[in-house]
Amino acid sequence: MVMEELHEWTADANKALSVTLVRSAQDALSVIDEDPEARALLPFNPAFTYPIFGEKEKIYGYKGLQVEINMASGSLKQYLNVTYDEKLESQADDIEGTLFKFIPSDYTKSAEIFADTVAKDAESFVPPGTQIASYRSNDDEEDDVEYGVWHCKWDTPGFREFHRRAQLFVLLYIEGGSYIQEDEDQWEFLILFEIRPHDTAPTGASYHFAGYVSAYPFWCYPDMVRMRLSQFVILPPFQGQGHGSQLYNTLYDYALTLEKVAELTVEDPSEAFEDLRDRCDLVRLKEQLKDSKEMAKGAPVDKKWLEKIRTEGKYATRQFLRLIEMLLLERLKTNRSPERYKAYRLQVKERLFRFNYEILAQISPDERREKLAETYKNVEEDYKRILNSLRPVEQDLWEWIETPQQSA
Ligand SMILES: CC(=O)SCCNC(=O)CCNC(=O)[C@H](O)C(C)(C)COP(=O)(O)OP(=O)(O)OC[C@H]1O[C@@H](n2cnc3c(N)ncnc32)[C@H](O)[C@@H]1OP(=O)(O)O
């Protein structure tokens, strides 16, 4: 087959595949534009499909291909609908056979059965596990909407089945994400649901999945555990509205209640997630330090005191030291002392030196100074970016700080 023809029969899997969260049989039929919950009803495309359809993220052998995975918005029970204009019968990729390895086998291909499932879901689905938090959000330009977070483990009734459906989002949205082992019994999960009043449901509400996080406790010397946040996903219709921050803060608050947990760490965070974590941790640490006088003295901050604050707040070491550096930098905005700024740069460089010792020890003192100055510059720029995202109105207060090119 010539290249042109090959192209015609090849679909971009990230565009051909779409997911829709369906709230009720009636919602599925409603006119999206007029629906107040429209955003949550729109189909959305994956960010990644390479774990499913291969590195090139292509599906071969169809023209006009659409692979719809419709999910009941609470239980996530699935309806698979594959449509196309034309198919190369003998050579086309086996879409259902491929998907079958990644979604649980209880999906349906019947629109009628799915409509029935969705109607039942709206009436009777309740989240698995124990509700540990709730909050209200009014970003939807409508009345307050309530959200709740439920805690589950593998042995939570109904959770395993639920997770087998939800985990698809890890592949579709987390770069490098993969399924976790169900036989590792220590996993903990927090699941976020939107809660809507629903007159005829026994609880008076219907529940709609918005995202979840998984975490695993690792042994931490001598007799504690390190809770490692592993997979974190907020579904596209709910992104950018503060739900990621709420879910992360709920996990943090939960970790703080567990005596065994020494610190909360994050496995391989994406850039967007690192920013979210920095912002949330900064707010948390500021609150923790609000009555403390130590920070007002500026750098170098007493190391014993720092370690006490770190262990109380269960921060991972590197993250904690970065946060302290950000808070010290923020103070320099208004406390304009060149001596303090110099002491600050030295404190940051000392940490950078310790954390990069292996590499820095191998180069000449001049090169080392240059490398440290360069790294420092990037770190300071990044701190300003993060601090500005918390309080953008104060951006111009940085002007007096001109990051030096060389040495402290
Ligand atoms: C360990 C890991 O798993 S790493 C992988 C993390 N997961 C992924 O990357 C999967 C796909 N992405 C996601 O799931 C989400 O986008 C996340 C987790 C990265 C972020 O979740 P969100 O709910 O979008 O976060 P949240 O809304 O709290 O903050 C994100 C942005 O919205 C802004 N925002 C926060 N609250 C509001 C609000 N009320 N109204 C409008 N915008 C808001 C934030 O300032 C932030 O802005 P930025 O994009 O300029 O940085």
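Residues numbered from 1 in each chain as written. Predicted model: local features only at pLDDT ≥ 70, side-chain atom pairs only at ≥ 80, totals over all residues.

### Overview of the overall build of the protein
Thinking step 1. Looking only at helices and strands, the protein has 16 helices and 13 strands in total.
Thinking step 2. With the C-alpha coordinates of the protein rotated into their principal frame, the extents come out at 70 × 60 × 45 Å.
Thinking step 3. Considering the protein as a whole, with its 408 residues, one finds that 29% of them fall into the buried category.
Thinking step 4. Considering only contacts within the protein whose residues lie at least 6 apart along the sequence, 68% involve residues at least 24 apart. (Helix = DSSP H or I, 4+ residues; strand = E, 2+ residues; numbered from the N terminus. Buried ≥ 20, exposed ≤ 12 C-beta atoms within 10 Å, placed from the backbone. Contact = placed C-beta atoms within 7 Å.)

### Concerning the site of the ligand
Thinking step 1. The environment of the ligand is made up of 23 residues, and the closest members are Phe-232, Gln-239, Gly-242, Gly-244 and Ser-245.
Thinking step 2. Breaking the shell around the ligand down by element, the ones donating at least two residues are β12 (224–234), α10 (243–257) and α11 (271–288).
Thinking step 3. When residues of the shell around the ligand are assigned to their parent elements, the largest contribution, 5 residues, is made by β12.
Thinking step 4. The residue inventory of the shell around the ligand, partitioned by class, reads 11 nonpolar, 9 polar and 3 charged. (Near = placed C-beta within 6 Å. Nonpolar A, V, L, I, M, F, W, Y, C, P; charged D, E, K, R; others polar.)

### Thoughts on the UniProt feature "site: Interaction with histone H4 N-terminus" (unreviewed entry) in the protein
Thinking step 1. As annotated by UniProt and renumbered to match this structure, "site: Interaction with histone H4 N-terminus" (unreviewed entry) occupies Trp-187.
Thinking step 2. Relative to the helices and strands, Trp-187 resides in the loop between α9 (168–173) and β10 (188–197).
Thinking step 3. Note on Trp-187: 18 C-beta atoms within 10 Å, which makes it partly exposed.
Thinking step 4. Look past the residues within four positions of Trp-187 in its chain and what remains in contact with it is Lys-153, Trp-154, Ile-180, Ser-214 and Tyr-216. (UniProt positions renumbered as here; feature names shortened; annotations may be inferred.)

### Here's the deal with the UniProt feature "binding site: acetyl-CoA" (unreviewed entry) in the protein
Thinking step 1. The UniProt record annotates "binding site: acetyl-CoA" (unreviewed entry) at Phe-232, Val-233, Ile-234, Gln-239, Gly-240, Gln-241, Gly-242, His-243, Gly-244, Ser-245 and Arg-279.
Thinking step 2. Position of Gly-240 relative to the elements: it lies in the loop between β12 and α10.
Thinking step 3. By the secondary structure assignment, Arg-279 is in helix α11.
Thinking step 4. The residues contacting Arg-279, other than those within four sequence positions of it, are Ser-245, Ile-386, Ser-389 and Leu-390.

### Details of the nonpolar core
Thinking step 1. One finds Ile-191 and Val-213 to be the most contacted residues of the largest nonpolar core, which totals 48 residues.
Thinking step 2. If one sorts the elements of this core by residue count, strand β11 (residues 205–220) sits on top with 6 residues.
Thinking step 3. One finds Leu-323, Ile-324, Leu-329 and Tyr-344 within the second-largest nonpolar core, a separate group that totals 18 residues. (Core = buried A, V, L, I, M, F, W, Y, C linked by C-beta atoms within 7 Å.)

### What about the domain arrangement of the protein?
Thinking step 1. Considered domain by domain, the protein is made up of domain 1 (1–125), domain 2 (126–268) and domain 3 (300–400).
Thinking step 2. Between domain 2 and domain 3, the C-alpha centre-to-centre distance is 32 Å. (Domains from an automatic or database assignment.)

### Side note on the sheet that holds strand β6 (residues 78–83)
Thinking step 1. Read across the open sheet, the 3 strands follow the order β2-β5-β6; overall the sheet is mixed. The two strands at the open ends of the sheet, each matched to only one other strand, are β2 (17–22) and β6. Taking each pair of neighbouring strands and ignoring which way they run, the sheet shows an average axis angle of 20 degrees.
Thinking step 2. In this structure, β2 lies alongside strand β5 (residues 66–72), joined through 6 bridges in parallel fashion. For Val-22, the partnering residue across the bridge sits in β5 and is Ala-72.
Thinking step 3. Strands in contact with helix α7 (residues 111–124) are β2, β5 and β6; relative to β5, the strand with the most contacts, it is inclined by about 30 degrees. (Pairing = 2+ DSSP bridges. Axes fitted to C-alpha atoms, helices over the stretch in contact; angles between N-to-C directions.)

### Looking at the sheet that holds β12
Thinking step 1. The sheet built from 6 strands is open, its strands ordered β8-β9-β10-β11-β12-β13 with mixed pairing. The strands lining the two open edges of the sheet, one partner per strand, are β8 (130–137) and β13 (261–266). Averaged over neighbouring strand pairs, the angle between their axes works out to 25 degrees when direction is ignored.
Thinking step 2. As paired elements, β8 and strand β9 (residues 145–153) share 7 bridges and run antiparallel to each other. Bridging across to β9, Arg-136 finds its partner in Glu-146.

### A look at the pairing of β11
Thinking step 1. Here β10 runs beside β11; their pairing, made up of 10 bridges, is antiparallel. Paired with Leu-190 across the bridge in β11 is Val-213.
Thinking step 2. In this antiparallel pair of consecutive strands, β11 and β12, the connection spans 3 residues.

### Here's the deal with the packing of α11 against helix α16 (residues 365–390)
Thinking step 1. Viewed as axis vectors pointing N to C, α11 and α16 meet at an angle of 65 degrees, and their least axial separation amounts to 10 Å. As α11 runs across α16, the sense of the crossing is right-handed. Touching Asp-275, Asp-278, Arg-279 and Leu-282 of α11 are Ile-386, Ser-389 and Leu-390, all from α16.
Thinking step 2. Looking at side-chain class alone, the contact of α11 with α16 contains 3 nonpolar, 1 polar and 3 charged residues. (Left-handed = near helix turned anticlockwise from the far one by under 90°.)

### What to know about the pairing of β13
The side chains of a regular strand alternate between both faces of the sheet.
Thinking step 1. As defined by bridge partners, β12 adjoins β13 across 5 bridges and the pair is classed as parallel. What sits directly across from Met-227, in β13, is Leu-264.
Thinking step 2. Following the chain from β12 across α10 to the adjacent parallel β13, one finds a crossover that is right-handed. (Right-handed = clockwise from strand over helix to strand, strands pointing away.)

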